[in-house]
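Per-entry structural report
Below are the chains, spelled out letter by letter.
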Amino acid sequence: VYKEGDHRFFSKYHYKWMTMMLVGHGAGELTSILEGTVFNSWYYRANGAKIGKNCYLAGLVVEYDLLEIGDNVAIGEGCDNTCHTVENMVIKLSPSRVESGACLCPGSFAMPGSVVQEGAVLLEHTQVLKGEVVPSGEVWAGMPAGKCQPRAPPRVEPGDGMKAPLRGM
């Protein structure tokens, strides 16, 4: 249904694209119920997406047939994996890929043409720009996204709590 490339507003393709957007919006209640279940993977596949095994899928997708998701991928609630932008009255469609073992934490956004490589992680509310590649095993954060070095929280030993007695008691 969807074709990679640039498509002018008010062209035949634009009307077809808008019709599919409206149909997809109408199916919104169904897709929200399916989020995180195996049935959502089936729904994505039925709409043309290439989906691997053992995936947790939530969030927004419009151009399913331009989306490829590997095995053991987690895409959290509120993520946006649409494969289009609208620029200067032109719909620009580009395929996106999320490779095996990758994780998009809630609210992340992988713009059209982006690739999240194997084992990479997008932290909450991270936006990967058009055409960017998140290298294997890296953790990215921010808007726009960039590599980060998350740190483990400091370890608290038993008894490290309150050192001094409460005053006034």
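Here, the structure is the one placed above.
From a predicted model like this one, the values you see are computed outputs, not experimental measurements. (Residues numbered from 1 in each chain as written. Predicted model: local features only at pLDDT ≥ 70, side-chain atom pairs only at ≥ 80, totals over all residues. Heavy atoms only, no water.)

So, the sheet that holds strand E15 (residues 139–141)
Taken together, the six strands give an open sheet; going across it, the order is E3-E5-E9-E12-E15-E16, and neighbouring strands pair in mixed fashion. Taken across any chain shown, the strands that pair with only one partner, and hence form the sheet edges, are strand E3 (56–57) and strand E16 (146–147). Judged from the two bridges that link them, strand E5 (residues 74–75) and strand E9 (residues 103–104) form a sheet pairing that is parallel. Looking across to E9, one finds that Ala74 is bridged to Cys103. (Pairing = 2+ DSSP bridges. Helix = DSSP H or I, 4+ residues; strand = E, 2+ residues; numbered from the N terminus.)

Observations concerning the nonpolar core
Within the largest apolar cluster, 34 residues are counted, with the highest numbers of intra-cluster contacts made by Tyr44, Ile69, Ile75, Val98, Leu104 and Val116. Sorting the residues of this core by element identifies helix H1 (12–26), helix H3 (38–46), strand E4 (67–69) and strand E7 (90–93) as the ones contributing at least two each. Beyond its immediate sequence surroundings of up to four residues, Val116 is in contact with Arg97, Val98, Glu99, Ala102, Leu104, Leu122 and Val134. (Core = buried A, V, L, I, M, F, W, Y, C linked by side-chain atoms within 4.5 Å. Buried < 20%, exposed > 50% of the residue type's maximum accessible area, 1.4 Å probe, protein only. Contact = heavy atoms within 4.5 Å.)

Some details on unusual backbone geometry
Of note, the bond from Met143 into Pro144 is cis; its omega dihedral lies within 30 degrees of zero at 0°. By the element assignment, Pro144 lies in the loop between E15 and E16. Its identity as a non-glycine residue notwithstanding, Asn88 has a phi of 50°, on the positive side. Mapped onto the fold, Asn88 is located in the loop between strand E6 (84–87) and E7. Even without being glycine, His125 reaches a positive phi, approximately 55°.

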